[in-house]
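What the coordinates show
The lines below spell out each chain.
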Amino acid sequence: MSKEIKTIAVLTSGGDAPGMNAAIRAVVRTAIYRGLKVKGIKKGYNGLLNEDIIDMEPRHVSDIIQRGGTVLGTARCLEFKKPEYQERGAEICRQHGIDGIVVIGGDGSYRGAQALARLGINTVGIPGTIDLDIACTEYTIGFDTAVNTAMEAIDKVKDTSSSHERCSIIEVMGRHAGYIALWCGIANGAEDILLPEKYEYNEQEIINHIIASRKRGKIHHLIINAEGIGHSTSMARRIEAATGLETRATILGYMQRGGSPTARDRYYASVMGAYAVDIMLEGKSNRVVGYRNGKIRDFDIEEALMMQKGIDEYQYEVAKMLTI
Ligand code: ADP
Ligand code: F6P
């Protein structure tokens, strides 16, 4: 039988994502609505180890649902991978009367949550990352905003690229995952999409494609390159030399991680935040919230971390077919 939950805490960890604030708000208000006390832990697991912990009231999360970033701050805390720091974290939770923590972040953050759960602190993870790379869920908080931000920026680059009849390489975020690149590739009508999961580093194939597209009357050639492949500027130089076509690289960078969250990000962040608190109140721990087949569900963190997710072959083929 799990212990009674009286006080919970919430933290954001890893890369920030638009919609994290909506999730924090939902956790705080649901918990208070259900009669719990809530604390906010600043700057991820760093804040836990530094006891940077504040009491949260409903008004502390007023007027944040529309704001990008995270009001709690986020950080990468490498020490937290070590057992002695995890034990210290669990001890600090006990000293502050924290029975459970809702961790908003990605896979790495869930490993920290898993460690705390083993040490007796109830934990529930919420998927917060623009990368959409958490296997147990079809949706991660921040992806929708990031991909729309990138799409709008790419539209603008495409305008000037067409006017000048240039080739453009646009680098989008995704160090290990190509979902932003794939979605932009389809949504922006890119001629080539380079995904970490798929790209075989065959630049000659891209060059041949550019030349063939030109012959078919295309006046621009848009290449969406995921950050995980990178080297967009040197790639542009090589492509220009090989094709004779003016080629420019644009790296969108961190603008994709900021900005006001879309309705979809606010909506799912709110529902997932509330759900995380409610399953914790049911006595669940070491769980991660996900969205699958139209439903919000929860998974054992261990199982969630073992799940694999890859680029959908058909969607990748669609991106290619539509470039003719
Ligand atoms: P994300 O949560 O977005 O995947 P990271 O992989 O950077 O981001 O992880 C965020 C933080 O989670 C790390 O800085 C660290 O504090 C914690 N973390 C990551 N891996 C582990 C691990 N194996 N054990 C404990 N904590 C971890
Ligand atoms: O938030 C996800 C992400 O943008 C990845 O695409 C990228 O690999 C990483 O964060 C970079 O974040 P940082 O530079 O903050 O480590």
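This text follows the structure it describes.
Notes on the structure follow. (Residues numbered from 1 in each chain as written. Chains lettered and ligands numbered in written order. Predicted model: local features only at pLDDT ≥ 70, side-chain atom pairs only at ≥ 80, totals over all residues. Heavy atoms only, no water.)

Our focus in this paragraph is the overall build of the protein chain. When helices and strands are counted, the protein chain shows 11 helices and 11 strands. What you see for the protein chain is a C-alpha radius of gyration of 22 Å, in line with the 20 Å of a compact globule of 324 residues. With respect to the principal axes defined by its C-alpha atoms, the protein chain has extents near 70 × 35 × 35 Å. Taking all 324 residues of the protein chain together, 54% fall into the buried category. Taking all contacts inside the protein chain whose residues are at least 6 apart in sequence as the whole, residues at least 24 apart take part in 73%. Only carbon and sulfur atoms are counted for the fraction: they give 49% of the accessible area of the protein chain, which is about 14,600 Å². Here the protein chain contributes 40 positive and 41 negative side-chain charges, whose respective centroids are spaced 3 Å apart. (Helix = DSSP H or I, 4+ residues; strand = E, 2+ residues; numbered from the N terminus. Rg over C-alpha atoms; globule rule 2.2 N^0.38 Å. Buried < 20%, exposed > 50% of the residue type's maximum accessible area, 1.4 Å probe, protein only. Contact = heavy atoms within 4.5 Å. Areas by Shrake-Rupley, 256 points an atom, 1.4 Å probe, with all protein chains shown as cover. Lys, Arg positive; Asp, Glu negative; His and termini not counted. Charge placed at Lys NZ, Arg CZ, Asp CG, Glu CD.)

Further remarks concern the site of ligand 1. Lining the immediate surroundings of ligand 1 are 15 residues, of which R76, C77, G106, G108 and S109 lie closest. Between ligand 1 and C77 there is a distance of 2.6 Å, counted from an oxygen atom to a backbone nitrogen or oxygen. Within the side chain of S109, a nitrogen or oxygen atom sits 2.4 Å from an oxygen atom of ligand 1. In isolation ligand 1 exposes 550 Å². Once the protein is present, 80% of that is buried. Of the residues that constitute the shell around ligand 1, the class distribution is 3 nonpolar, 8 polar and 4 charged. (Near = heavy atom within 4 Å. Polar contact = N/O pair within 3.5 Å; in protein donor to acceptor, adjacent residues only side chain to side chain. Nonpolar A, V, L, I, M, F, W, Y, C, P; charged D, E, K, R; others polar.)

As a further point, take the pairing of strand 6 (residues 167–172). Within strand 6, 6 of the 6 residues are buried, leaving the element largely enclosed by the surrounding structure. Bridge count between strand 6 and strand 8 (residues 221–226): 6 bridges; the pairing is parallel. When the sheet's bridge partners are listed, I169 is paired in strand 8 with I223. Two strands pair when backbone bridges link them, and strand 6 and strand 9 (residues 247–251) are joined in this way by 5 bridges, in the parallel orientation. Residue pairing across strands places C167 opposite T247, the latter belonging to strand 9. (Pairing = 2+ DSSP bridges.)

On to the site of ligand 2, then. The environment of ligand 2 is formed by R76, I130, D131, M173, G174, R175, E227, Y254 and R257. Contact distances for ligand 2 include 3.0 Å between an oxygen atom and a side-chain N or O atom of D131. Take E227: an N or O atom from its side chain is 3.3 Å from an oxygen atom of ligand 2. Here ligand 2, which alone exposes 400 Å², has 84% of that area covered by the protein. Across the shell around ligand 2, the residue classes break down as 3 nonpolar, 1 polar and 5 charged.

With the rule as written, the count across this model stands at 6 aromatic pairs. Here the guanidinium or amino end of K309 rests over the ring plane of Y179, the centre of that ring lying 5.1 Å away. (Phe/Tyr/Trp six-rings, centres within 6.5 Å; stacked < 30°, edge-to-face > 60°. Lys NZ or Arg CZ within 6 Å of the ring centre and 35° of its normal.)

Taken in spatial order, the 7 strands of this open sheet run 3-2-1-4-5-10-11, and their pairing is mixed. Each end of this open sheet is capped by a strand with a single partner; those strands are strand 3 (53–56) and strand 11 (295–300). The average undirected angle you get between the axes of adjacent strands in this sheet is 30°. Note: strand 2 (residues 37–41) against strand 3, 4 bridges, orientation antiparallel. Directly across from K39, in strand 3, lies its bridge partner D55. Sitting on the sheet, helix 4 (residues 107–118) is in contact with strand 4 (100–105), strand 5 (122–127) and strand 10 (287–292), with an inclination near 165° to strand 5. Sheet contacts for helix 9 (residues 263–281): strand 1 (7–12), strand 4, strand 5, strand 10 and strand 11; angle to strand 5, the most-contacted strand, approximately 165°. (Axes fitted to C-alpha atoms, helices over the stretch in contact; angles between N-to-C directions.)

Pairing between sheet strands relies on hydrogen bonds along the backbone, with the strands arranged either parallel or antiparallel. Pairing is parallel across the open sheet formed by 4 strands, whose spatial order is 7-8-6-9. The open sheet has two free edges, formed respectively by strand 7 (192–194) and strand 9, since each of these has just one partner strand. Neighbouring strand axes in the sheet, compared pairwise and without regard to direction, differ in orientation by 15° on average. The strands touched by helix 7 (residues 203–215) within the sheet are strand 6, strand 7 and strand 8, with strand 8 carrying the most contacts at an inclination of about 155°. Sheet strands touched by helix 8 (residues 232–243): strand 6, strand 7, strand 8 and strand 9. Its angle to strand 9, the strand with the most contacts, is close to 170°.

With that settled, the discussion passes to the pairing of strand 4. Burial analysis of strand 4 places 6 of its 6 residues in the buried class, which makes it a mostly covered element. Sheet topology note: the strand 1/strand 4 ladder contains 5 bridges and is parallel. Among the inter-strand pairings, A9 is bridged to a residue of strand 4, identified as I101. Since strand 4 and strand 5 lie parallel, the crossover through helix 4 that links them has a hand, and here it is right-handed. (Right-handed = clockwise from strand over helix to strand, strands pointing away.)

Scope: geometric values only; no functional claims are made or implied.
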